[in-house]
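# Report on the structure
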Amino acid sequence: MPKRDIRGSRAIVTGASSGIGRALVMELSRQGADVVATARRDDRLRALSEEISAQGGRIEIVVGDITDPQTREKTIQAVHSRFGGLDILVNNAGVGALGLFEHADPARARHVMEVNFFALVEMTRLAFPLLKQGTNPIVVNISSILGHRGAPYSSEYSASKFAVQGFSEAIRAEFTRHEIDVLVVSPGTTQTEFFQSVVERVGEPTWPEHAAVTAEQVARRIVRAMKSGRHEIIPYGWGKVLCWLNRLSPALVDRIMARYA
Ligand code: NDP
């Protein structure tokens, strides 16, 4: 018996113009949810909206920067006025930055934290009153494998995703009395525009090539986890291995990571 029925639910997905966010909007809509999709790229959101509408789904788009309080307000207002409430908040918008910490522009850490952490916190704060009144409400926070194990060339990004992890664990306990679930998703390498959209790139580690999963595969795993009431998922085989190895012997993983720095 699934814990949550997607059909008829009302969702917000941030970072919906590409990658995992876009695939999630498609999957949620396919399963019968009404969705408010937000991101900065107007053309991408319009194309998504046309695709969903052509399939008979209901979607509202909000164009704007998620670090701007007005975008967040508009997104909440859109779900309230168009669909009458909110059951699913997916905090997916995120950016990376690649490069050694010693070479990083100081603005990089602030930018990454603004998008990946502060915007997620503030969306959750704004959505909370609506979620409390929702049906089987859930917050889905997109973290990363690097929210379990920091990696060289990604210091600020790793820190932002550790922050997401800690925040999510804390609110999961607090939200229990309101019957709001919190699911944390920790993807590994996924085929999206993520690595083309990094805010800064100064050199790169030479990681061994691991087959990346598709955004659609990740989206299907996320929706399945939402339905079954899971709290944590790692939709990536190598990611699970890394997390397991890091728990078993963090010193060994430190040595492996140092080889790539
Ligand atoms: P994409 O680059 O394809 O998607 C990122 C999304 O975030 C886009 O829709 C982008 O929209 C949006 N976004 C970025 N900055 C802002 C901003 N300032 N305001 C509003 N929207 C913004 O990458 P992914 O789909 O891979 O990333 C989705 C999530 O998955 C992120 O949180 C990422 O950290 C996480 N992740 C991804 C991994 C991967 O290998 N791909 C691995 C682990 C985690 P727009 O540019 O139109 O604003």
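What this report covers is the structure whose coordinates are included nearby. The structure presented is a predicted model; accordingly, all values stated were derived computationally and were not measured.

On to the layout of surface pockets, then. To find leftover empty space, one rolls a probe the size of a water molecule over the atoms. Computed from the structure, the second largest pocket encloses a volume of approximately 160 Å³. Along its surface, the second largest pocket is lined by Gly 19, Arg 22, Ala 23, Met 26, Glu 27, Gln 191, Thr 192, Ala 215, Glu 216, Ala 219 and Arg 220. Elements supplying a minimum of two residues to the lining of the second largest pocket: α1 (19-30) and α6 (215-228). Broken down by element, the residue count for the lining of the second largest pocket peaks at five residues, all from α1. Looking at side-chain class alone, the lining of the second largest pocket contains four nonpolar, three polar and four charged residues.

This part covers the site of the ligand. Near the ligand lie 31 residues; those nearest to it are Ser 17, Arg 40, Asn 92, Tyr 157 and Thr 192. Between the ligand and Ser 18 there is a distance of 2.8 Å, counted from an oxygen atom to a side-chain nitrogen or oxygen. Only α1 and α5 (155-175) provide two or more residues apiece to the shell around the ligand.

By the element assignment, Arg 72 lies in helix α3 (residues 69-83). Although Arg 72 lies buried, it forms no salt bridge, and the closest oppositely charged side chain, Glu 122, sits 5.3 Å away as judged by the N-O distance. Excluding anything up to four places from it in sequence, Arg 72 contacts Ile 66, Thr 67, Ala 119, Glu 122, Met 123 and Leu 126.

What counts and what doesn't
Residues numbered from 1 in each chain as written. Predicted model: local features only at pLDDT ≥ 70, side-chain atom pairs only at ≥ 80, totals over all residues. Heavy atoms only, no water. 1 Å grid on protein atoms, 1.4 Å probe; cavity = no way out; pocket = protein on both sides within 12 Å on 5 of 7 lines; lining within 4 Å. Points joined across faces, edges and corners; volume = space filled by probe spheres on them. Helix = DSSP H or I, 4+ residues; strand = E, 2+ residues; numbered from the N terminus. Nonpolar A, V, L, I, M, F, W, Y, C, P; charged D, E, K, R; others polar. Near = heavy atom within 4 Å. Polar contact = N/O pair within 3.5 Å; in protein donor to acceptor, adjacent residues only side chain to side chain. Buried < 20%, exposed > 50% of the residue type's maximum accessible area, 1.4 Å probe, protein only. Lys, Arg positive; Asp, Glu negative; His and termini not counted. Salt bridge = Lys/Arg side-chain N within 4 Å of Asp/Glu carboxyl O. Contact = heavy atoms within 4.5 Å.

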